[in-house]
Amino acid sequence: MTRHDTLKVVQPIFLVGTGRCGSTAFHRTLGTHPQLMWLSGFAEEFPYRPRWNRWAVTAMGSRTLRRVFGTRIKPGENYGFWHAHAYGFAEPGRDLLASDVTPRVRRQMHAAFEPMLTARRDRLLIKLTGWSRIGFLNEVFPDARFVHIVRDGRAVASSLLHVNAWQWRGWYGPYSWRYGPLSAEDHAAWERSGRSFVALAGLQWKIHTRAIEAARRGLDASRFLEVKYERFCEAPLETCRRVLEFTGLRHSPGFEREVATTRITDMTHRWRRDLSPEQQALLTGLLREDLLRYGYDVSS
């Protein structure tokens, strides 16, 4: 493909979630669809060489090469790419809005993504966690499709509590993390908990989930889909078919075979083993309203 043959970005697909929500497993599973182009480690290491990412992802269409390099070349968030093309995008202190987009960044993002596309892999699949950045992305790509991966907030909080400080900055407290100051309501709840890190992890899920809810109100309903992690673990093929229908991706028997043979590690109930009854009760009380809104069981 020559420079003059560069394809335009049409209906890119963005997976958004709170982090620790199961989006990585879903991203890697969906990424085996032959129509999709995604960010590999090449985009992270060589952000100004988008064609190198194209070659790497295209190579993963070969089952033989995937067996050899599949553990090294795989879909990821790869924020080094975003550092190069959208300043501040990777680690903003609040959710990003349409008003944060400058003409220069819009041009840079299209120029970075378009050389990655091929006649076969003509749709982008991008995963982002933490702040959804939906308003920003919708301004740059007004025909984008957004898939929200939802997971029980208590499970997300438990997962955050069992990683190191370089993975979860909540260990430094809400004054040093990347999610802005707590609201008066959330700060009072955190104080009542004795400044519990368990409570703070739950509040992070609540903050990010509500930010996604606020951002989706600016979209036509036909461009936003909610997928539960728990349902994906239970019925991965059915879930992927639903996403394909929503995004308009082509039916692919090979993709369905990949999904059917992929091992999905179900971590749905691990939080009940990893947290004490008191910690579970704290999170359930703190997040009750939001958990109920998403249909999660809040009984003891």
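Residues numbered from 1 in each chain as written. Predicted model: local features only at pLDDT ≥ 70, side-chain atom pairs only at ≥ 80, totals over all residues. Heavy atoms only, no water.

1. Re the packing of helix α8 (residues 153–161) against helix α15 (residues 277–293)
In the contact formed by α8 and α15, the axes pass within 10 Å of each other and the chain directions differ by 135°. In terms of axis orientation, α8 runs oblique to α15. Across the interface between the two elements, Gly 153, Arg 154 and Ala 157 of α8 pack against Leu 283, Thr 284, Leu 287 and Leu 291 of α15. For the contact of α8 with α15, the class distribution of residues is four nonpolar, two polar and one charged. (Axes fitted to C-alpha atoms, helices over the stretch in contact; angles between N-to-C directions. Helix = DSSP H or I, 4+ residues; strand = E, 2+ residues; numbered from the N terminus. Parallel < 35°, antiparallel > 145°, perpendicular 65-115°, else oblique. Contact = heavy atoms within 4.5 Å. Nonpolar A, V, L, I, M, F, W, Y, C, P; charged D, E, K, R; others polar.)

2. Digging into the sheet that holds strand β5 (residues 224–228)
Taken together, the five strands give an open sheet; going across it, the order is β2-β3-β1-β4-β5, and neighbouring strands pair in parallel fashion. Pairing within the sheet leaves two strands with one partner each, and these edge strands are β2 (36–38) and β5. With strand direction ignored, the average angle separating the axes of adjacent strands in the sheet is 25°. Here β2 pairs with strand β3 (residues 123–129) via three bridges, running parallel. Counted as the bridge partner of Leu 36 is Arg 123 from β3. Running over the sheet, helix α10 (residues 197–216) touches β1 (13–17), β4 (145–150) and β5 and is turned about 155° from β5. (Pairing = 2+ DSSP bridges.)

3. Details of a nonpolar patch on the surface
Together, Phe 42, Phe 46, Trp 52 and Trp 55 line one region of the surface with nonpolar side chains, adding up to about 390 Å² of accessible area. Along the chain, Phe 42 falls in helix α2 (residues 41–45). (Patch = residues over 30% accessible without salt bridge, like charges linked within 9 Å, V, L, I, M, F, W, Y side chains within 5 Å. Areas by Shrake-Rupley, 256 points an atom, 1.4 Å probe, with all protein chains shown as cover. Salt bridge = Lys/Arg side-chain N within 4 Å of Asp/Glu carboxyl O.)

4. Here's the deal with the packing of aromatic side chains
The full count for this structure, using the stated rule, is 17 aromatic pairs. Note on Phe 14 and Phe 141: the rings are 5.9 Å apart at their centroids and 35° apart in plane angle, and the pair reads as tilted. Of the two residues, Phe 14 is situated in strand β1 and Phe 141 in the loop between α7 (134–140) and β4; the sequence distance between them amounts to 127 residues. According to the relative accessible area criterion, Phe 141 is buried, its value standing at 1%. For the ring pair Trp 205 and Tyr 294, a centre distance of 6.5 Å and an interplane angle of 65° mean the geometry is edge-to-face. (Phe/Tyr/Trp six-rings, centres within 6.5 Å; stacked < 30°, edge-to-face > 60°. Buried < 20%, exposed > 50% of the residue type's maximum accessible area, 1.4 Å probe, protein only.)

5. Digging into helix α3 (residues 50–59)
For α3, the set of buried residues is Pro 50, Asn 53, Arg 54, Ala 56 and Val 57. Angularly, the buried residues of α3 cover 165° about the axis, an arc narrow enough to put them on a single face. Taken together, the buried residues of α3 touch β2, α2 and α6 (103–113). (Arc of directions from axis to C-beta.)

6. Some thoughts on helix α13 (residues 253–261)
Spacing of three or four residues puts side chains on the same side of an α-helix, whose turn is 3.6 residues. Among all positions of α13, only Phe 255, Glu 256, Glu 258 and Val 259 are buried. The arc enclosing the buried residues of α13, seen along the axis, measures out at 155°, which places them on a common side. Those residues of α13 that are exposed and aimed more than 90 degrees away from the buried face are Arg 257, Ala 260 and Thr 261. In this structure, the buried residues of α13 make contact with α1 (23–30), α4 (63–69) and α12 (236–247).

7. Observations concerning the environment of Ala 112
If you trace the backbone, Ala 112 turns up in helix α6. A C-alpha to C-alpha distance of 8.0 Å links Ala 112 and Pro 47, two positions 65 residues apart in sequence. Not counting the four nearest positions on each side in its chain, Ala 112 is found in contact with Pro 50, Phe 81 and His 85.

8. What to know about the nonpolar core
Ranked by internal contacts, the top residues of the largest apolar core, which has 50 residues, are Phe 26, Leu 30 and Val 147. Considering each element in turn, this core owes the most residues, eight residues, to α10. In contact with Phe 26, other than residues within four places in its own chain, are Leu 15, Ile 149, Phe 232, Thr 239, Cys 240 and Val 243. Counting 37 residues, the second largest nonpolar core, distinct from the first, contains Ala 56, Leu 124, Leu 128 and Phe 141. (Core = buried A, V, L, I, M, F, W, Y, C linked by side-chain atoms within 4.5 Å.)

9. Topic: unusual backbone geometry
The phi dihedral of Gln 11 is positive, around 45°, even though this residue is not glycine. In this structure, Gln 11 sits in the segment before β1. Residue Gln 11 is classed as partly exposed on the basis of its relative accessible area, which comes to 25%. The backbone of Asn 78 shows a phi angle near 45°, a positive value even though the residue is not glycine. Its place among the elements puts Asn 78 in the loop between α4 and α5 (79–85). Taking the relative accessible area as the measure of exposure, Asn 78 reaches 15% and is therefore buried.

None of this, on its own, says anything about what the molecule does.
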